[in-house]
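Examination of the molecular architecture
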Amino acid sequence: AGLIAVQAQLIMTTELRTFARIGPRFLAAVFAARAIGDFRYVGIFKQVKGSRFARLDTWIYSPLCCLLAVLIADVALRH
């Protein structure tokens, strides 16, 4: 949240400026990778689908990671 706030210029600081340019892009990539998953237990393309976690992952965790990846990438690319 701090990196996004610095990137969106809600918090003015000069010390974190370089890290704030690279950090949100890295975070967006991490959330996108989590949303896609490991092709076995987590993510959109998972194979194991019968557990409680798999159902929660399908309906909550993976869509949340997709949304966070898109929103963070939007902030990173606009500023």
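You'll find the structure just up there.
Below you will find a few notes about this structure. Within each chain, residues carry numbers counting from 1 in the order of the written sequence. It should be noted that, the model being predicted, local features are given only for residues of pLDDT at least 70 and side-chain atom pairs only at 80 or more, the latter also being counted only at that level, while totals for whole chains, interfaces and linings use all residues. Note that the side-chain values use all heavy atoms of the structure and ignore hydrogens as well as water.

1. Looking at helix H2 (residues 17-36)
Residue pairs spaced three or four apart in an α-helix point in one direction, given the helix's 3.6 residues per turn. We count it as follows: Numbering goes from the N terminus for both helices and strands, where a helix is a DSSP run of H or I of at least four residues and a strand is a run of E of at least two. Here the expected length of a helix is defined as 1.5 Å per residue gap, with one fewer gap than residues. Only protein chains enter the accessibility calculation, which uses a 1.4 Å probe; a residue is then buried when its area is under 20% of its type maximum, exposed when over 50%, and partly exposed in between. In what follows, residue pairs with any heavy atoms lying within 4.5 Å of each other are defined as contacts.
With 20 residues, H2 extends 30 Å between its outermost C-alpha atoms, agreeing within 8% with the 28 Å of an ideal straight helix rising 1.5 Å per residue. Those residues of H2 not exposed but buried are Ala 20, Gly 23, Pro 24, Ala 28 and Ala 35. Buried positions along H2 lie against helix H1 (2-7) and helix H3 (52-78). One or two steps after H2, the chain reaches Gly 37, where phi turns positive at roughly 90 degrees.

2. A few points about the side chain of Asp 57
For clarity, the cut-off: We call two N or O atoms a polar contact when they sit within 3.5 Å, provided that within protein one can donate a hydrogen and the other can accept it, with sequence-adjacent residues counted only if both atoms are side-chain atoms.
Relative to the helices and strands, Asp 57 is located in helix H3. The buried category is assigned to Asp 57, whose relative accessible area is 0%. At 2.6 Å, the side chain of Asp 57 forms a polar contact with the side chain of Arg 34.

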